[in-house]
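Inside the fold
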Amino acid sequence: ATVGLIRSLLMLLQTEGVTHVAVAFDHVIESFRNKMYAGYKSSAGVDPIILNQFAIAEKAVAALGVPVWSMVKFEADDAIATAAAKFKKSKLVEQIVICSVDKDLTQMVDGDRIICWDRRREIMLNEKGVIEKFGVSPESIPDFLALVGDSADGYPGIQGWGEKSTSTVLAQYKHIEAIPNDPNKLGLSVGRATTLLENLKNNYKDALLYRGLSTLRTDVPLKEKLADLKWQGATAKLKNVCKELGSESIVERVKQWR
């Protein structure tokens, strides 16, 4: 898995137009969100073979000359969100590309300035793309996930609130608090709307809790400045890492060294 990560990241680093890069890791899978909700994702059930490569992967990425954000209290997504919010303020930054398929991170998309990129399927999501995919704007993604649920993160959402009905409602009202109690105003059949509102009313605290889980933090203490993220090439340590991994041929692919 680590060898695959190095190869993939090296290919990205040597792609034209890529200048500043950092990689965020869940150093441990658990975070502050596990204290908020007992059912939140954890390391339970994760293959030990994968878990045991977490530290190796971080070491390998650092050897590539890329800043590593190793998260313990927060999650990797929080670090990425913090960086996106921080560096989009700089006039020197043309575009921020978040390389992830995690639905949570689409809340950070901002026009064409911050986009999400699914590298495997070659799908770019700008703000228009997020709206086309989810039926809501990026600012409503935490509310959308709260109502629909996110099995990857371990929370179920609110019963009856499927993607279609949720997007229909949030496209109008954006946030959970703004959803009216009148079933005639939801843009759905009255019977369907009545059931959804009843379920939301009975589980309102849970809905707000789930939104809290899906809302990314933008206050992670990242010490790096923009200049620190500029890729200057792989470090000499990469040769030793690749030797340890039994994949020394990777070194031959590196075109730039520090």
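Along each chain, residue indices are assigned from 1 in the same order as the chain's sequence is written. It should be noted that, the model being predicted, local features are given only for residues of pLDDT at least 70 and side-chain atom pairs only at 80 or more, the latter also being counted only at that level, while totals for whole chains, interfaces and linings use all residues. Note: side-chain values were computed over all heavy atoms of the structure, leaving out hydrogens and water.

For an α-helix, the turn length of 3.6 residues means that residues three or four places apart are oriented alike. Here helix H11 (residues 237-245) has its buried residues at Leu238, Val241 and Cys242. Seen end-on, H11 carries its buried residues on one side only, within an arc spanning 95°. Seen from the buried face of H11, the exposed residues on the opposite side, beyond 90 degrees, are Lys237, Lys243 and Glu244. Remark: exposure states derive from per-residue accessible area (1.4 Å probe, protein chains only) relative to the maximum for the residue type, with buried under 20%, exposed over 50%, and partly exposed in between. By the criteria applied, helices consist of DSSP H or I runs no shorter than four residues and strands consist of E runs no shorter than two, each listed in order from the N terminus. As used here, the arc is the angular range of directions from the helix axis to the C-beta atoms.

This brings us to the nonpolar core. Proteins that are soluble and globular tend to have nonpolar side chains buried together. Put simply, a nonpolar core is a bunch of buried Ala, Val, Leu, Ile, Met, Phe, Trp, Tyr and Cys residues held in one set by side-chain atoms that sit within 4.5 Å of each other. Counting 51 residues, the largest nonpolar core has Trp69, Leu147, Trp161 and Ile179 as its most contacted members. Residue contacts are defined here by distance: any two heavy atoms, one from each residue, within 4.5 Å place the two residues in contact. Residues contacting Ile179, with those up to four places away along its chain left out, are Leu147, Trp161, Val169, Leu170, Tyr173, Leu186, Leu197 and Leu200. With 24 residues, the next largest nonpolar core counts Leu10, Leu238, Ile250 and Val251 among its residues.

It is worth spelling out the environment of Val148 at this point. For Val148, the location among the structural elements is in helix H7 (residues 141-148). Along the chain, Val148 and Thr166 lie 18 residues apart, while their C-alpha atoms are 7.1 Å from each other. Among residues more than four places away in sequence, those in contact with Val148 are Pro156, Gly157, Trp161, Gly162, Glu163 and Thr166.

This paragraph deals with the environment of Ala178. Along the chain, Ala178 falls in the loop between helix H8 (163-173) and helix H9 (190-202). Classification of Ala178 by relative accessible area gives partly exposed; the value is 40%. The spacing of Ala178 and Ser165 is 13 residues in sequence and 15 Å in space, taken between C-alpha atoms.

Bringing the packing of H7 against helix H10 (residues 204-214) into the picture now. All axes are obtained by fitting lines to C-alpha atoms, using only the stretch in contact for helices, and the reported angles, taken between N-to-C directions, cover 0 to 180 degrees. Remark: H7 packs on H10, axes separated minimally by 8 Å, with the N-to-C direction vectors making an angle of 125°. Classified by the angle their axes make, H7 and H10 are oblique. H7 and H10 meet at a crossing whose hand is right-handed. Contact with H7, carried on its side by Pro142, Asp143, Leu145, Ala146 and Leu147, involves Ala207, Tyr210, Arg211 and Ser214 of H10 and no other residues of that element. For this classification, under 35 degrees means roughly parallel, over 145 means roughly antiparallel, 65 to 115 means roughly perpendicular, and everything else is oblique. Put simply, a crossing is left-handed when the front helix is turned counterclockwise from the back one by less than a right angle, and right-handed when it is turned clockwise.

What follows deals with the sheet that holds strand E3 (residues 96-98). A strand pair is defined by DSSP finding two or more bridges across the two strands. As summarised here, the arrangement of the 3 strands in space is E3-E4-E5, forming an open sheet in which the pairing is mixed. Two strands in the sheet have a free side with no partner beyond their single neighbour: E3 and strand E5 (123-125). Going from strand to strand, the sheet's axes swing by 30° on average, the running direction of each strand aside. As paired strands, strand E4 (residues 114-118) and E5 are joined by 3 bridges and run antiparallel to one another. Along E5, the bridge assignment pairs Asp118 with Ile123.

The subject of this paragraph is unusual backbone geometry. Note on backbone geometry: most residues besides glycine have negative phi, and most peptide bonds are trans. Even without being glycine, Glu122 reaches a positive phi, approximately 55°. As for its placement among the helices and strands, Glu122 is situated in the loop between E4 and E5.

Looking now at the side chain of Asp143. With respect to the element layout, Asp143 can be found in helix H7. The exposure class assigned to Asp143 is buried, which follows from its relative accessible area of 2%. Of the polar contacts made by the side chain of Asp143, one reaches the side chain of Arg211; its length is 2.8 Å. Discounting chain neighbours no more than four positions away, the residues touching Asp143 are Leu170, Lys174, His175, Ile176 and Arg211. Pairs of N or O atoms are called polar contacts if they sit within 3.5 Å, as long as, within protein, a hydrogen donor faces a hydrogen acceptor (for residues adjacent in sequence, only side-chain-to-side-chain pairs).

Aromatic rings from Phe, Tyr and Trp, with only the six-membered ring used for Trp, were paired whenever their centres fell within 6.5 Å, and each pair was classed as stacked if the ring planes differed by under 30 degrees, edge-to-face if by over 60, and tilted otherwise. Under the definition given, this model contains 4 aromatic pairs. Taken together, a centroid distance of 5.7 Å and an interplanar angle of 75° make the contact between Tyr37 and Tyr210 edge-to-face. With a gap of 173 residues between them, Tyr37 in the loop between helix H2 (33-36) and helix H3 (48-51) and Tyr210 in helix H10 connect regions that are remote in the sequence. Each of the two residues, Tyr37 as well as Tyr210, counts as buried. Ring plane angle 70° and centroid distance 5.7 Å describe the contact between Phe134 and Phe144, whose orientation is recorded as edge-to-face. Linking Phe134 in helix H6 (residues 127-134) with Phe144 in helix H7, this pair joins segments that are 10 residues apart in sequence.

Here we come to the pattern of salt bridges. Criterion for a salt bridge: a side-chain nitrogen of Lys or Arg within 4 Å of a carboxyl oxygen of Asp or Glu. Considering all chains together, one arrives at 12 salt bridges under this definition. Across the salt bridge formed by Glu75 and Lys41, the nearest N and O atoms sit 3.1 Å from each other. Of this pair, Glu75 sits in the loop between strand E2 (68-71) and helix H5 (76-87) while Lys41 sits in the loop between H2 and H3; the two residues are 34 residues apart in sequence, bridging distant segments of the chain. Given the relative accessible area of 3%, Glu75 is considered buried. One salt-bridge network, in which partners are shared between bridges, spans Arg33, Lys41, Glu75, Asp78 and Asp153.

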